[in-house]
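# Observations on the three-dimensional arrangement
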Amino acid sequence: MGSLTIPHVHLLLNHVPTVGSVAALGLILLALARRDDHLLRASLEVLFVVALATLPVYLTGAAAGTAIEALDGVSVDAIRTHETAALLAFVWMQITGFIAWVALWQGRRLPHLPRASVGAVLLLSVITMGLMARAAAIGGEIRHPEILVGPAAAAAGAPTGWLTSATIAEFVSQYPWAWPAAEALHFLGLCLVLGVLLAVNLRVLGAMKPLSFAALHRLLPWGMLGFGLNLVTGMLFFVAAASQYTENIAFLWKVVFLVVTGAHFLYLTVFSGTWSLEVDADAAPLDKLVAAMGIGSWVGVIYWGRMLPFIGNAF
Amino acid sequence: MAILTWLESSSLSTWVREGETIWAFPTILTLHTFGMGLLVGAGAVIDLRLLGIGRRLTVGALRPMFGVMWGGFWLNLVTGSMLFAADATRRGTDPLFMTKLVFVAIGVSVIGLIRRNVFDAQEETAAVPYEKTLAALSLVAWTAAVTMGRLLAYV
């Protein structure tokens, strides 16, 4: 078995956001047609997981582009056009995943998911699916001449518009305060996520037993706020200076732990083992294990993030 | 200043600064980041609760979070002192660093006040009228301290 390269990971994962958003949208429509609240919750959970899986897809794309841009017959414009389409689709995917999470969090205390949030998720997931399909189609044209009918999308030349990696890199170099300001926010977000994950998970582990889990559930949006803040600021770093991260072993580990933390937030939001923890009740050993792993996942994110310049090669 | 020069040239400072090992500067800086997360993160949870988030959370039950905060505080006092010693002549005369320390001092004092006036007094009195002010002050002080600490890497 050959070793797995980053471009290979991109090829392995890159159908997940496209196929996943179609599947999730189909499930949502089916659940609404059947008036099945359980299925609706499950479909929003699928959507959140797809949004999470989109993270490594986008982040491995830069390395895949670098690996093939010097090859014969590969157009750099085609790669840039795909990258720009992927960034737009990524942003909408994350917004959709976040609103799906909000609906699940609100719905935890209610017999049915709130209609307004579900409506918003439905609309967003239609947009996301379209943008994701477009990004995937353009991506396919980079190395699959057999699918082309007429000129490739890249024939239009290098991408324009405000949301491209070039404009973001330019913004960061034009305004020297942008990077440090984003770093400060990134560290504040780190604190918020750690604080919330500690409070909730230490309760599951047996500290603060006078609190029910349902009461601590109210803190989760603040943790997700920190997580979202760090996703936005982190993407600014990545998009503006991708070469620091694409061949950086610390960054790869950071992304692995990040996906685990995201999945842990979903677990804390919807799983019933912890939700039913009443005042003074003791959690099941498996839930305690998951709680410890949840704290550990964020500790891993902080460790690998901090080690980006030391174990990895970021400046 | 002579004392800063002396501090910076000590063998510990030299090791932290120049040690060709992951255990020197990288690990000490990483531990300092963990300490920050524990102190500021656990503090933020208490502050948010005092500001009215999650009213079903019994304030007194959050007491173990103070243990987390003090753990972070002592870790950062030790690691922060080491990082300061390694770069004493520059940091010792840096107004940004001094301002950061002022905000850390305010933050730690406010934690002490919240502990004494809100948590320890909980049994006798229902709620302290100025608890929201203390919580807001704590959030502002720690936001400023973290921001300035982060900016130290760029100035």
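Residues numbered from 1 in each chain as written. Chains lettered and ligands numbered in written order. Predicted model: local features only at pLDDT ≥ 70, side-chain atom pairs only at ≥ 80, totals over all residues.

### Quick notes on the overall build of chain B
Within chain B one finds 7 helices and 0 strands. Ordered by position from the N terminus, the helices and strands of chain B form the series α-α-α-α-α-α-α. Overall, the C-alpha framework of chain B stretches about 55 × 30 × 25 Å when taken along its three principal axes. Within chain B, the proportion of its 155 residues that are buried is 35%. For chain B, restricting intrachain contacts to residue pairs at least 6 apart in sequence, the fraction spanning at least 24 positions comes to 81%. (Helix = DSSP H or I, 4+ residues; strand = E, 2+ residues; numbered from the N terminus. Buried ≥ 20, exposed ≤ 12 C-beta atoms within 10 Å, placed from the backbone. Contact = placed C-beta atoms within 7 Å.)

### Quick look at the overall build of chain A
In terms of helices and strands, chain A carries 13 helices and 0 strands. Reading the secondary structure of chain A in the N-to-C direction produces α-α-α-α-α-α-α-α-α-α-α-α-α. Referenced to the eigenvectors of the C-alpha coordinate spread, the extents of chain A come out at roughly 65 × 50 × 45 Å. Looking at chain A residue by residue over its 315 residues, the buried ones come to 43%. Across chain A, every contact between residues at least 6 apart in sequence was considered, and the portion connecting residues at least 24 apart equals 80%.

### Overview of the domain arrangement of chain A
Residues and elements named next belong to chain A. Under the domain assignment, chain A is made up of domain 1 (1–160) and domain 2 (164–315). Counting residues at the interface gives 20 residues for domain 1 and 22 residues for domain 2. Counting residues per element, the ones that place at least two in the side of domain 1 that touches domain 2 are α3 (37–68) and α4 (76–107). When residues of the side of domain 1 that touches domain 2 are assigned to their parent elements, the largest contribution, 9 residues, is made by α3. Partitioning the side of domain 1 that touches domain 2 into residue classes produces 14 nonpolar, 3 polar and 3 charged. (Domains from an automatic or database assignment. Nonpolar A, V, L, I, M, F, W, Y, C, P; charged D, E, K, R; others polar.)

### With respect to the interface of chain A and chain B
Counting residues at the interface gives 28 residues for chain A and 31 residues for chain B. Counting only elements with at least two residues in the side of chain A that touches chain B, the list comes to α7 (178–205), α8 (213–216) and α13 (285–306) of chain A. Tallying contributions element by element places α7(A) first for the side of chain A that touches chain B, with 14 residues.

### Section: the nonpolar core
Counting residues in each nonpolar core, the largest one holds 111 residues, and the members touching the most others are C191(A) and V45(B). Looking at which element gives the most residues to this core, the answer is α7(A), with 17 residues. Each of two domains, domain 1 (1–160) and domain 2 (164–315) of chain A, supplies a minimum of three residues to this core. Look past the residues within four positions of V45(B) in its chain and what remains in contact with it is G195(A), V196(A), A199(A), L219(A), L62(B) and M65(B). Counting residues in each nonpolar core, the second largest holds 6 residues, with M82(B), L83(B), A86(B) and A88(B) among its members. (Core = buried A, V, L, I, M, F, W, Y, C linked by C-beta atoms within 7 Å.)

### What to know about the confidence of the model for chain B
Overall, the prediction assigns chain B a mean pLDDT of 92, with 95% of residues at 70 or greater. With pTM at 0.94, the complex prediction returns an ipTM value of 0.95. (pLDDT = per-residue confidence, 0-100.)

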